[in-house]
Amino acid sequence: MEDEPSVLETEDLRFLALCAALLLAALAVRALVYVALRPWRAATPAPFPLGRYDVAMLTGGFGRVVASALAGLADAGAVTLHPGAASEIRPAPQAPPPRDPVQAQVLGLLPGCPNGQRLAEAFSRTAVATELKSKLVSSGIMLPHRWRFVLGRWCTGALFVVAMAATVAAQWGEGPQDEFAALLFLELIMWAVSGMLCRSWFPLTMSRQGEALVSGLQQTVQEISSAGRTGDAERDVADVPGTEGWRLEPGWADSPAGRVALKGWDEYRDRWGQPIPLEFWAVLPGNVIRTAEEHRRRSLLYRTLGVVCGVLAIPCAVLTFSVAVWAGPFWLLLASAGARCATLARKHGAAARRVPPHVVHGPGVPYTGPSYPYRPGVLYLRSFAHHDAPLERTAPWQNVKTALLGSRTSYVEELVHVLGAFGPPIAIGNPGAALPALGPAQYFVPPGPGHEGPGGPLERWQAEVLRLMDGSALVVVAAGLGEGLLWEFRQAASRLPPHRLVVVVPLDHAEYGLFREHAGGCFRRGLPADTREPDRRGETGHALIYFEHDWTPRFVGFADHPLLQLHLGRVATRFSVRRYRNQIAHAMYPVFRANGARWPGTEIPVPFGRAARQRVVTGVSLGFAGILLVVGGPLLAYVLSLLL
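**With respect to the overall build of the protein chain**
Within the protein chain, the secondary structure is distributed over 20 helices and 15 strands. Counting all 644 residues of the protein chain, 45% fall into the buried class. The contacts in the protein chain between residues at least 6 apart in sequence include a share of 71% that link residues at least 24 apart. Element-wise, carbon and sulfur atoms account for 62% of the exposed surface of the protein chain, whose accessible area totals about 33000 Å².

Okay, here's the thing in structure tokens:
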């Protein structure tokens, strides 16, 4: 008997050919319109000297123009940057008005725009933006916004939608459902690829002269980036071959604002040479202030969506491992989306329960600190200037469980669970964030001046950090860079005994090297070298640093699959299937012993290894071994019975 054909070997594959032919026809029509509508003007040098706003308009549109203007305002002291605050970019008080018309326009629009997307949209409607674009249009660099160009973009874009709709209509009801779903998935991929090719190859926004300039600018960016990697960081734009015909205005390209015009806001650096991450530039900014009722509704909505995605992911997983391999991408996509929805539901739920702190002091009255009603067991500190994404990452193999049950499977949530033996963990929340971070309970301190400290006047959050630091059984600090975080490291090293301080390292090798260079001076014996090795996937896991009684630092990487460990005459192991929790618990075992806290596992005293310091044996945890024994034992016995 002949084998039955698979899903993608049937005669209905002609629908794939039909879809490809229609999409290629739409792409050909767009190419003809692209060639016909643009003037046949040869690529010549720039007709006028290009300034940084002209270059920003060519490389990134009005958003890049606004970013370059804000970088210039920040260099001039006209705006201040507050990463993690409610308003991250604020006009500086008593600053002289800028003479640059673009900067003056952006500075005037800044207070009424909560994020960069709104600011770019508002700037694009101003007379300054119109004049900037008109100059490029009149010189033949950009295409005008006339009806034939707009009609060409819309009509050719509609052809791709028509091609997809015609293909779906032709194959509707012509075969089994699994075959239809598989073909539809492949056709959607073809449609997305053709759309991206259309936007990148035939944009209908630049003339031939403008495309030549943009191509040269992109090549220049690559040249400068490669020069920075090879040590020639001082290389200027004018030093790159081929830029003589651009007629660049002198002096702007080597400034931070000029670098932003060429490469975007990520090129703007702090004094440590690191990018300044701002939620202000996010595509979907989260700095929108909502009421508690709105947060509750969104929490319920995301929780429902997470459960729906988790329920739909289960049959897709069954189909993937049984009869339909094509369901695998749907399974992974639904599981990831469900886990993300569950995370957002927890964040919105925490935001709905957050009560704004009550301020009981008046102007000129010294602030004594809010009365936190409990003695925190663990104080968790991190920099507001950097995102919590590395520690908020969830375990991908538990996405379905997270989506269905809302399980707390991220690194920081597992860290909170392990640290529960010391008492309730608490963190100083970011008062400007619309959604609180995952992990410890968030305690929000209103901004403002505090009281006089040993080293001078303290801000309100600094006074509260010192009060909580003195009363905590353990202080855990996430490594990073920032003025506030370095101040916290200095205070912790001077006020705490070494066994009460732990540093979590969610950084890669390069980031940790920079952190060690700048924060090592806060500790008596500095910080240790990074001893982590990439795993089989080429990734570098997280780590932590603890300190011995004489402040000798110990760097401990999170073992991939810790089975047991030997530490100062004791063998410790855990019966658990939570991989992240196992990693953190084994890495923190010396901290538990130094503080006399009960470790969440089994400890066995042995008469050997009394001088051994945390020798971890990796393998399969006892929990996974038990599951394999229960599930795999009967299966193995059944296979052996068939063979024998």
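**Quick word on the packing of helix 15 (residues 460–471) against helix 16 (residues 483–495)**
A packed helix pair is summarised by two numbers, namely the angle formed by the two axes and the spacing between the axes. Contact pair helix 15 / helix 16: the axes reach a minimum separation of 11 Å and the direction vectors enclose 35 degrees. As for how helix 15 packs across helix 16, the hand of that crossing is right-handed. Residues Trp461, Gln462, Val465, Leu466, Met469 and Asp470 of helix 15 touch helix 16, and the partners they reach there are Gly484, Trp487, Glu488, Gln491, Ala492 and Arg495.

**Quick word on the sheet that holds strand 4 (residues 425–429)**
Ordered in space as 5-4-3-8-9-10-11, the 7 strands form an open sheet in which the pairing is mixed. Every interior strand has two partners, whereas the edge strands, strand 5 (441–444) and strand 11 (553–557), have only one. Put simply, the sheet's adjacent strands are angled 25 degrees from each other on average, direction ignored. Sheet topology places strand 3 (residues 378–381) next to strand 4; 3 bridges connect them, and they run parallel. Looking at strand 4, one finds that Leu379 is bridged to Ile426.

**Things to note about the side chain of His567**
Secondary-structure assignment places His567 in strand 12 (residues 562–567). Discounting chain neighbours no more than four positions away, the residues touching His567 are Tyr589, Pro590, Arg593, Ala612, Arg613 and Gln614.

**A few points about the environment of Phe444**
Secondary-structure assignment places Phe444 in strand 5. In this structure, the C-alpha to C-alpha distance between Phe444 and Asn430, residues 14 residues apart in sequence, is 6.7 Å.

**With respect to the packing of aromatic side chains**
Tallying each qualifying case throughout the model produces 14 aromatic pairs. Their ring planes at 20 degrees and their centres at 5.0 Å tell us that Trp265 and Tyr268 sit as a pair that is stacked. When sorted by exposure, Trp265 lands in the same class as Tyr268, which is buried. Aromatic ring contacts, followed pair by pair, group Phe489, Tyr512, Phe515, Phe523, Phe547, Trp551 and Phe555 into a single cluster.

**Comments concerning the pattern of salt bridges**
One pass over the full model with this rule turns up 12 salt bridges. In this structure, the salt-bridge partner of Arg581 is Glu414, at a minimum N-O distance of 2.7 Å. Note that Arg581 is positioned in helix 18 (residues 579–587) and Glu414 in helix 14 (residues 411–418), a separation of 167 residues in sequence. Looking at Glu414, the relative accessible area reads 2%, which means it is buried. Three or more residues joined by partner-sharing salt bridges are found here, namely Glu293, Arg296 and Arg297.

**Points about the pairing of strand 11**
Here strand 10 (residues 543–547) pairs with strand 11 via 5 bridges, running antiparallel. The partner of Leu544 across the bridge, within strand 11, is Val556. Between strand 10 and strand 11, which pair antiparallel and follow one another directly, the connecting turn spans 5 residues, one of which, Trp551, has a positive phi of 65 degrees.

**Points about the environment of Ala192**
Mapped onto the elements of the fold, Ala192 is located in helix 7 (residues 177–201). The sequence separation of Ala192 and Phe160 amounts to 32 residues, and the corresponding C-alpha distance is 9.7 Å.

**What to know about a nonpolar patch on the surface**
Together, Val161, Leu188 and Trp191 make up a nonpolar patch on the protein surface, roughly 260 Å² of accessible area in all. Topologically, Val161 is positioned in helix 6 (residues 147–171).

**Digging into the side chain of Gln583**
With respect to the helices and strands, the residue Gln583 is situated in helix 18. Overall, the relative accessible area of 4% leaves Gln583 in the buried class. A polar atom in the side chain of Gln583 sits 3.4 Å from the backbone oxygen of Ala559. When sequence neighbours within four positions are dropped, the list of residues in contact with Gln583 reads Tyr411, Phe558, Ala559, Asp560 and Pro562.

Rules used in this analysis
- Residues numbered from 1 in each chain as written.
- Predicted model: local features only at pLDDT ≥ 70, side-chain atom pairs only at ≥ 80, totals over all residues.
- Heavy atoms only, no water.
- Helix = DSSP H or I, 4+ residues; strand = E, 2+ residues; numbered from the N terminus.
- Buried < 20%, exposed > 50% of the residue type's maximum accessible area, 1.4 Å probe, protein only.
- Contact = heavy atoms within 4.5 Å.
- Areas by Shrake-Rupley, 256 points an atom, 1.4 Å probe, with all protein chains shown as cover.
- Axes fitted to C-alpha atoms, helices over the stretch in contact; angles between N-to-C directions.
- Left-handed = near helix turned anticlockwise from the far one by under 90°.
- Pairing = 2+ DSSP bridges.
- Phe/Tyr/Trp six-rings, centres within 6.5 Å; stacked < 30°, edge-to-face > 60°.
- Salt bridge = Lys/Arg side-chain N within 4 Å of Asp/Glu carboxyl O.
- Patch = residues over 30% accessible without salt bridge, like charges linked within 9 Å, V, L, I, M, F, W, Y side chains within 5 Å.
- Polar contact = N/O pair within 3.5 Å; in protein donor to acceptor, adjacent residues only side chain to side chain.

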